[in-house]
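Chain and residue survey
Below, each chain spelled out in residue letters.
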Amino acid sequence: MTPVVVTPGTAVEIAFTVTSRGRVFVVRTFPMGDVSGRLVVCAPFGAEAARNYQREVHLGRRLAADGFETIRFHYRGAGQSDPSPDGGIDAMIEDAATTVDGLTPLPTFWLGTRLGGVVAAAVSPPSDALMIWDPVIDVEGYFREILRARVFSAFKHAKPDAAPRSDLVTDLVRLRRIDLLGYEVNALLYEQTRRLEGTQPLSAPDRKIALIDLNRRGEPREETLGLASALEAAGCRVRTESVEFREPWWYGARAGSAASTNDPTARLLDLSRQVILEWAEPTR
Amino acid sequence: MIKEEAYFVASTEGPLFAVLATPDSPGDRAMVLAGGGWTGSSSNRNSVLVRMAREVADTGLGTVRFDWHGTGESGGTLDRFRLDQPFVDDVIAVAGSVPATTLALAGICFGALSVLGAAVALPEVDHVVLISLPFPSPITKTDHKLDRLTLDTAIRMVTRPAVLRQVVTNRDLRTAAVAGVKRKMGLARSRPLTLPARSVTDLGVSTITALLERGTRVDLVFGEQDLEYSTYLDYTAHTPLPPEVAVSIIPGDVSNFSTLEAQRRTIDTVLGLVNRAR
């Protein structure tokens, strides 16, 4: 596709990247002038991806004004990409690796949100800086949190009997796939993510990592602070931040594009841009 | 095997992102698919619109899906979707980019309103499929939810500790809960809730009649438990639609595609309507 100017000074190029097991939808947002760095975005999973979509688009467009290109992609099974081969996180990791394969060398930064943070951590080389929005640290806790939406949904649709009776995660493993508000959650997604827990090569001496929690309290969680300490002990340069967010990840949707300066999204985008520019300073 | 091509369409609000899905042997007809305002994107929840576009194209009818201005990959800005301000111009701009001489238009909720407005301005449109088309009606979301509750479920829901705490401290909730239970028990004399009705552009009967008169086929699709179906029944009780309008009712709740089953049923219904219109 011929690049198109979507906002002044910023162009967009979109392609379906063909892999052996389906096509991956890839979007490249870049400045009209010189490109000094790259951000690769690994989206979250399911309804969270829809919730986060415009934030990722806007961050890419703002960074283009700073001379960065941003690469975003849809996992197979989501958005415009082909169906997932099996619904697991290994395929999502494969999609991220396919997307960056063969790109011209540039100072590269990674952004992952929620489960996308696990993907970004698995794919990014230890020499690249990594930012995670609302990191998933306790995998079982994450799945329990998202599956809880099933209980709310059962009541919302006036079907309390449809609410799971046993432990939510046990239910997922037993049933193998669950319809979570119109998204399929596959037991393989849980099992493969569990297998990755604690084994990811996040830490490398001097690696720059930013962990940004998004929650109602507007303070970093205990588990995020714990991860930050562990990474610092391993020699990483960790920045821990938080932004007060009241939006639920699985309910509702965010379609609007205008973010006022007091909006949590605007604060998150400002903070993320500032971190990336600081990281990039020595290389520019 | 279909081919897909991503492209941008110029519009007054900014470039609109679109994907054209072309079958092996494209004919001179194509379908424009307009999503709802829920996510604003051309994929919609769980890529339901992408799957619909591909499956329709698989039957030999090319499709175009697109992101509304200010959402997804499209340019422009948007604060929120309003049912009294459909994006008719977006649909007209995308329709103008389609390599076909006759068009079918399909839209979901906000997209159905926008498609209906656009169809009138586009003489090449010979078929419109309106999924969950909102009609102006005094029925609110809260009314609709209360109507679907059985008495025992209503009692079980309002007696949960967390809800009770809120009901005790919030006067509006207290009034709504009492009114809901009263209605279920047949004790309420009139509609107790005074929440404002949604503001919806009334494109209904006059527009649909105009389309039928020029020979355009009009299909309405509703989930039988959807709010939009309730507003349709309420509206058409005093303003009947012409008998030529075909109405398909899908069992369950298809609004917002909040189950995989609702997504499948809606796609199958649209495939059936597309085949029947050939």
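Residues numbered from 1 in each chain as written. Chains lettered and ligands numbered in written order. Predicted model: local features only at pLDDT ≥ 70, side-chain atom pairs only at ≥ 80, totals over all residues. Heavy atoms only, no water.

**What to know about the domain arrangement of chain A**
Residues and elements named next belong to chain A. Domain annotation of chain A identifies domain 1 (4-137 + 201-283) and domain 2 (139-196). Here the C-alpha centre of domain 2 lies 25 Å away from the C-alpha centre of domain 1. Taken together, the contact pairs 20 residues of domain 1 with 19 residues of domain 2. Taking both sides of the interface into account, the surface hidden between domain 1 and domain 2 amounts to around 1600 Å²; carbon and sulfur atoms contribute 68%. (Domains from an automatic or database assignment. Contact = heavy atoms within 4.5 Å. Buried area = accessible area lost by both parts, 1.4 Å probe.)

**Looking at the nonpolar core**
Counting residues in hydrophobic clusters, the biggest one holds 74 residues, and the most contacted among them are Ile89(A), Val119(A), Met131(A), Trp133(A), Phe143(A) and Trp250(A). Per element, the largest residue contribution to this core is eight residues, and it comes from helix H8 (residues 264-280) of chain A. Mapping this core onto the domain boundaries places at least three of its residues in each of domain 1 (4-137 + 201-283) and domain 2 (139-196) of chain A. Sequence-distant contacts of Met131(A), that is, excluding residues within four places in its chain, are made with Trp110(A), Leu111(A), Gly112(A), Ala210(A), Ile212(A), Ser272(A), Val275(A), Ile276(A) and Trp279(A). By size, the runner-up hydrophobic cluster in this structure holds 48 residues, among which are Tyr7(B), Leu20(B), Ala112(B) and Tyr235(B). (Core = buried A, V, L, I, M, F, W, Y, C linked by side-chain atoms within 4.5 Å. Buried < 20%, exposed > 50% of the residue type's maximum accessible area, 1.4 Å probe, protein only. Helix = DSSP H or I, 4+ residues; strand = E, 2+ residues; numbered from the N terminus.)

**What to know about the sheet that holds strand E6 (residues 125-131) of chain B**
Residues and elements named next belong to chain B. Taken in spatial order, the eight strands make up an open sheet running E1-E2-E4-E3-E5-E6-E7-E8, and their pairing is mixed. Whereas interior strands pair on both sides, the edge strands pair on one side only; in this sheet they are strand E1 (3-9) and strand E8 (246-250). Looking at each pair of strands side by side, their axes are set apart by 20° on average, direction ignored. Bridging between strand E3 (residues 29-34) and strand E5 (residues 102-108) involves six bridges; their strand directions are parallel. Within E5, the residue paired with Ala30 across the bridge is Leu103. Contacting E1, strand E2 (16-22), E3, strand E4 (62-66) and E5, helix H2 (residues 88-96) crosses the sheet at an angle of about 140° to E4. (Pairing = 2+ DSSP bridges. Axes fitted to C-alpha atoms, helices over the stretch in contact; angles between N-to-C directions.)

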